[in-house]
Amino acid sequence: MLVDDMGYSDIGAFGSEIPTPNLDAVAAEGARLTDFHVTPTCSPTRAALMTGCNSHAVGMGAVANVDTGFPGYAAELPENQPSMAEAFRDAGYATLAIGKWHLCREQDMHAAGDRHSWPLQRGFDQYYGFLEAQANLHAPSQLYEGNSPVHVEEYPEGYYLTDDLTDRAVQMIAETHASDPGKPLMMYYAHAAVHSPMHIKDGAAEDFQGRYDAGWEQIRAERRQRQDELGVVPADAGTGPMDEELGPDVVGWDSLSDDGKRLAARHMENYAAMVVSIDESVGRIREIQRRLGRLENTIFVFFSDNGAATGGSGGTIGMFNFLSNLDRSRTLTTEERIAEEIGRIDELGGPASWPHYSSAWATVANTPFRRHKFSTYRGGHQVSCVMSWPAGLGQLGGENDDDGAIRHQYAHVTDVFPTVAELAGVEIPRSRAGLEARPLDGSSMVAALKDANAPSSHGDQYYECLGERAYYAGEFELVARHAKATPFSADRWELFRPGSDPVQLEDLADQYPEVVAELVDRWEAAARDNMVYPMSNGSPLHFYQRDPAEQLLAVETSMVPETPPLERFRASQLVDGRGFTVEVALGAGGFRPGDEGVLYAHGGQESGVVLFVKDGALQVEQNAWGRVVTSEPADIPAGATRFGLRVDAPGGSRWIVALEIDGVPVAEGIELPQLTWLIPFSGISAGRMHRSPVSDRLYRENGMFPYSGTWETVTIRPGAFSPDAPSQLLDVIRTMGAATQ
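Residues numbered from 1 in each chain as written. Predicted model: local features only at pLDDT ≥ 70, side-chain atom pairs only at ≥ 80, totals over all residues. Heavy atoms only, no water.

### Here we look at the sheet that holds strand S17 (residues 492-496)
Part 1: One open sheet accounts for four strands, arranged S14-S15-S16-S17; its pairing is antiparallel. The strands lining the two open edges of the sheet, one partner per strand, are strand S14 (461-465) and S17. On average, each strand axis in the sheet is inclined to that of its neighbour by 15°, with strand direction left out of account.
Part 2: Where strand S16 (residues 476-481) and S17 come together, five bridges link them in antiparallel fashion. Residue pairing for S17: Ala 480 is matched across the bridge by Trp 493.
Part 3: Packed on one face of the sheet, helix H14 (residues 513-529) meets S14, strand S15 (468-473), S16 and S17 and runs near 110° to S15. (Pairing = 2+ DSSP bridges. Helix = DSSP H or I, 4+ residues; strand = E, 2+ residues; numbered from the N terminus. Axes fitted to C-alpha atoms, helices over the stretch in contact; angles between N-to-C directions. Contact = heavy atoms within 4.5 Å.)

### Some thoughts on the packing of aromatic side chains
Part 1: Applying the stated rule across the entire model yields 20 aromatic pairs.
Part 2: With 4.8 Å between their ring centres and 85° between their planes, Trp 216 and Trp 253 make a pair best called edge-to-face. On the criterion of sequence distance, the pair formed by Trp 216 in helix H5 (residues 216-230) and Trp 253 in the loop between H5 and helix H6 (258-291) is long-range, its members being 37 residues apart.
Part 3: Ring plane angle 55° and centroid distance 6.3 Å describe the contact between Trp 493 and Trp 523, whose orientation is recorded as tilted. Taken together, the residues span a long stretch of sequence, with Trp 493 in strand S17 and Trp 523 in helix H14 at a distance of 30 residues. By the burial criterion, Trp 493 is buried, and Trp 523 matches it.
Part 4: One aromatic cluster in this structure is built from Tyr 212, Trp 216, Trp 253 and Trp 361.
Part 5: For the cation-ring pair, Arg 168 lies above Tyr 128, with the distance from its terminal atom to the ring centre recorded as 4.1 Å.
Part 6: A cation over a ring is seen here: Arg 469 above Trp 523, with NZ or CZ 5.7 Å from the ring centre. (Phe/Tyr/Trp six-rings, centres within 6.5 Å; stacked < 30°, edge-to-face > 60°. Buried < 20%, exposed > 50% of the residue type's maximum accessible area, 1.4 Å probe, protein only. Lys NZ or Arg CZ within 6 Å of the ring centre and 35° of its normal.)

### Looking at the pairing of strand S7 (residues 185-190)
Part 1: Where burial is concerned, most of S7 is hidden: five out of the six residues are buried.
Part 2: Where strand S3 (residues 94-100) lies against S7, six bridges are found, and the strand directions are parallel. Directly across from Thr 95, in S7, lies its bridge partner Met 186.

### Some thoughts on the environment of Gly 709
Part 1: Relative to the elements of secondary structure, Gly 709 occurs in the loop between helix H17 (696-702) and strand S29 (711-721).
Part 2: Considered as a pair, Gly 709 and Ser 313 are 396 residues apart in the sequence and their alpha carbons are 44 Å apart.
Part 3: In contact with Gly 709, not counting residues within four places along its chain, are Arg 592 and Asp 595.

### Examining the sheet that holds strand S19 (residues 578-586)
Part 1: Overall, antiparallel pairing links the six strands, which are arranged S18-S29-S19-S25-S26-S27 in an open sheet. Both outer strands of the open sheet, strand S18 (557-559) and strand S27 (664-673), are each paired with one neighbouring strand and no more. The average undirected angle you get between the axes of adjacent strands in this sheet is 15°.
Part 2: Of the strand pairs in this sheet, S19 and strand S25 (residues 642-648) are connected by six bridges, and their pairing is antiparallel. When the bridges of S25 are listed, Ala 585 appears paired with Arg 642.

### Things to note about the packing of helix H4 (residues 161-179) against H6
In a pair of packed helices, the angle between the axes and the distance between the axes together describe the arrangement.
Part 1: Here H4 crosses H6 at 15°, and the two axes come no closer than 10 Å. Considered as vectors, H4 and H6 are oriented roughly parallel to each other. Of the two possible hands of crossing, H4 and H6 adopt the one that is right-handed. Facing Thr 162, Asp 163, Thr 166, Asp 167, Ala 169, Val 170, Ile 173 and Ala 174 of H4, the residues of H6 in contact are Ser 277, Ser 281, Arg 284, Ile 285, Ile 288 and Gln 289.
Part 2: Of the residues belonging to the contact of H4 with H6, the class tally is six nonpolar, five polar and three charged. (Parallel < 35°, antiparallel > 145°, perpendicular 65-115°, else oblique. Left-handed = near helix turned anticlockwise from the far one by under 90°. Nonpolar A, V, L, I, M, F, W, Y, C, P; charged D, E, K, R; others polar.)

This is the structure we're talking about:
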């Protein structure tokens, strides 16, 4: 089971105040791996887990949203490399996948996309989940079952994705067992939680009300003390600073206003409720295995894909809508954000929000380490890991006064595949599709699991993420202090002794310059061997340099009443960074007085645009990260046959909008903030809103508000890019970053 963006100290077995009894039970019957490492971000960890290879070496050097055209950043798994699922399926296992995938290119996620890097094509018999980096837990923008999109127009009241995924996981296990009781199964369950949006079920945070009013410094100190008492990280190893130069700004709790404290505390209460929901899913998986008589012989592995994530531009207190980090139309001070969001505090975690907690709480989550997700300091990649197998490793449960074993040997995510394969007696294929596979970079942890005194089997390990670098070499480890958009050659390499200084507080580089030089050379060699170059230099080029094939999706697109909603990325190619038009062709007889409803909707409650008819008038409404702009109503004459939405993109993060009826402008000069990149995070639907409604006002009054008249087509035509669109600035961005390489 893989969770998303959870910090080292967030579960009870690693010092948290958040109750996680089911994970505690796994730890008690098995082992806590206290020196377990992943990559500093999402897709690379998943690729390393699935293949047992370093992430760059299998084309996943960054998140799958990035495809720079270089082999280490292909954003999909390579054809020659077998996956864990393929190995276990070949060995006779049923292979089941649940939840987040994020191992295929964005341009392949739509209904007609190439599926060669989807779950079923990479070895899973069944799949239920989402292909994206994140998901709305109240109304996912697009779920998939197997190779097919799941078509849901509106989720039932009280829907919560974690529960849905767990329901399907339990069902798959029960069905497989009933169909073939003797067949072993392998399940990969990848949670959406606790990645933003930090959504919770209604009332789920009530148990934590007031728990975080003492502030982040106090909660961190309490966690640190428990870690020492539990034997996870000794107190004399120290604790990283709350605030440091290269990290996000973290202010003292007492410097916040009363309203700021209320908001910040509520975000953490909700986060705790999300962690509880994960633990509950662990409990349900364990319970169905127990009822089926399979629990004793189940190998269970649990960890996070990277360290806890910071809060972006709203990181001081948290953000009501984390995606507003992409809002280039305005910048709020902390005081302005508090004033704007305090009135909606009770909506945090609900469907109208897309929340993320503060950077300070992320620092608490990563206790005792420095930094966060994306960083190559340990806070970015050292995560809590628990593992059990009562039938095969049951003797571990008796260690440490029945609280389970503790293993302090260094281990890496690439070690998981060879470890579970050895425990299960599964042979790892040496080729795929007739092509020779890369030898695994990971090694089995079985000896260390069985013997606390056994040496780590892993050896050296390089790290790289968005230009940050590190190198682990047993006695020493090296970390580059890198500031964005500065020459890599100017970086200072810090040197630490992880055995005595796992928190990386004492830089020994000046004492051992020869060790620094040797490890830098080793890092360079590993970077060449694993296709790390070219690295991101901190400029936007890493994200903005796109596969030209994506422009094949930027074509005139017509939807008819039978067309399901377009997938998020496919829809974005029609509007992202550019102007566009929407033309609605009505049915025979045209508009009739009394006809009303939504004609075109792009997005959801996180942000979007909706064109609709109400009270005999045509209007457009934009939800820009919760700020609503609605045009004046334009009366519609009886018999009108065509409605139009014309959007120009003159630059300056603006759209200029006009409404047309039968080709005649009826409203012009409507200025809206330009939505771009991940925004909207839901697709396009025609004839109604879908899943997450763009307009909360319309939804409260009319539900998804399907158009009551007849219509034939909704046609979207992409237009010219704005002069400051990323695609138009690539040469400038390349020039900016050239000196850093």
